[in-house]
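Residue strings, one per chain:
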Amino acid sequence: MRDRRGLTLIEMLIAITVFSVVMASALGFLSKQGKSLDRNSSDMGMLQNLTFAGSLLEQEIRLAGANVPFKQPGVIYAGANAIAFNADYASNVDSLYAVYYNPGLPAGQINALTPTNRITLPGTTWAYPDSLYYASGVNVIASPAETIDWFFTPDSTTTPANDYLLMRQVNNAAPEVVIRNVIQTPGRNFFRYYYKRIPTAGTAAASLDTVPTAWMPVIHTQAIHGSPNDINAAARADSLAMVEVSFTVTNGLTGADLRSRAITFMVPLPNLAVKKVTSCGDAPILGTALSANWVINTTTTPPDTTMVLTWARAVDDAGGESDVRAYIIWRRPIGASTWPDPIATVAAGPTSPSWADESAVTGAPGYQYALAAQDCTPSLSSMVSVTAPLTP
């Protein structure tokens, strides 16, 4: 007869003990692996924040003063926690001058702020602007240079008192959070500045020095850049040549679980160099009308329809001061109250100047076009405009 005896109590206890030891070891291993994955994920998040914020700060601060009309200041405010500057950063039309084209941008974020929309710049106590700014040479087209404000501000949603948010604001739009979990790097301000020190006669060559603490914050206090009063302390912002950015990102935890990464980098300000003022005499005289007509090419299938603008040469192109270098063209939908950034530049010289707007579409609401002559200063003539026909 087969022996059907089962496990003894001692054998069962030994089996359970061995199983428990094996399970404890496995669970400990899995726990360590889970913590390692969490830590790696946390580290990756920190590195992504660090890389994203550093790249965007360097990219935008470098543009301070880009395509800014001479009377509009480049840097407005330079403080330990904030920097605000003007730059033709973006346009919602396919502009030749803006750095980026984004057709979805609202009208309030593609041109200069006006005194009507005057704001206290976030991260500062400085209100801006005090003046209207126009494109060079004509007080009709608003300056295309918007105000961009980068600032670090305490994060009221977290427990640590030293947590900051990195924020960005364009003109008077609502500030946007760029990254969270930022702390100040020990011994450093978020922003430090360098300026061009011009030596006195008989001393060494010009040098790059740290902006003294006594100067901080550096504010462009004169509304009009280049005005007679825009000198000495009021003009210190114009001498800025480089910005040092320093900050530390964390994983948002505290105590033994806190992990952090720091970054420091330098951003040059090439567009704030002293501008060379040239003159071609008086502002150019246009002295011609602008025509807009549809031209249909029936040799294609379907027929190719193009809006063509034509005009006669400017008075100062064909004669006069003979200083016209180009013709500037604007376009806006019928009913719009302002002209956006120019959409085309046509070189002066041809006896029958023209330009084809291949992006124009038929149907309502239709377009208005404007034209001005530009000389080498560059100054613009008065504008002429035309309402284009709706149907070709």
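First, a word on what this report is: a plain description of the structure on this page. (Residues numbered from 1 in each chain as written. Predicted model: local features only at pLDDT ≥ 70, side-chain atom pairs only at ≥ 80, totals over all residues. Heavy atoms only, no water.)

Quick notes on the side chain of asparagine 111
Structurally, asparagine 111 can be placed in the loop between strand S4 (100–101) and strand S5 (119–120). In this structure asparagine 111 comes out as buried when scored by relative accessible area, which is 12%. Separated by 3.4 Å, the side chain of asparagine 111 and the backbone oxygen of serine 143 make a polar contact. Once residues within four sequence positions are removed from consideration, asparagine 111 is found in contact with Ala142, Ser143, Pro144, Ala145, Glu146, Asn171 and Asp341. (Helix = DSSP H or I, 4+ residues; strand = E, 2+ residues; numbered from the N terminus. Buried < 20%, exposed > 50% of the residue type's maximum accessible area, 1.4 Å probe, protein only. Polar contact = N/O pair within 3.5 Å; in protein donor to acceptor, adjacent residues only side chain to side chain. Contact = heavy atoms within 4.5 Å.)

Observations regarding the sheet that holds strand S19 (residues 354–357)
With antiparallel pairing, the three strands of this open sheet are ordered in space as S15-S16-S19. The two strands at the open ends of the sheet, each matched to only one other strand, are strand S15 (290–297) and S19. Going across the sheet, the axis of each strand differs from the next one's by a mean of 30 degrees, ignoring polarity. When strand S16 (residues 304–311) meets S19, the two strands line up antiparallel, connected through four bridges. Along S19, the bridge assignment pairs valine 308 with alanine 356. (Pairing = 2+ DSSP bridges. Axes fitted to C-alpha atoms, helices over the stretch in contact; angles between N-to-C directions.)

Comments concerning the nonpolar core
Counting 42 residues, the largest nonpolar core has Ile61, Phe191 and Phe247 as its most contacted members. Broken down by element, the residue count for this core peaks at six residues, all from helix H1 (residues 9–61). Membership of the second largest hydrophobic core comes to 22 residues, among which are Val93, Leu290, Trp294 and Leu371. (Core = buried A, V, L, I, M, F, W, Y, C linked by side-chain atoms within 4.5 Å.)

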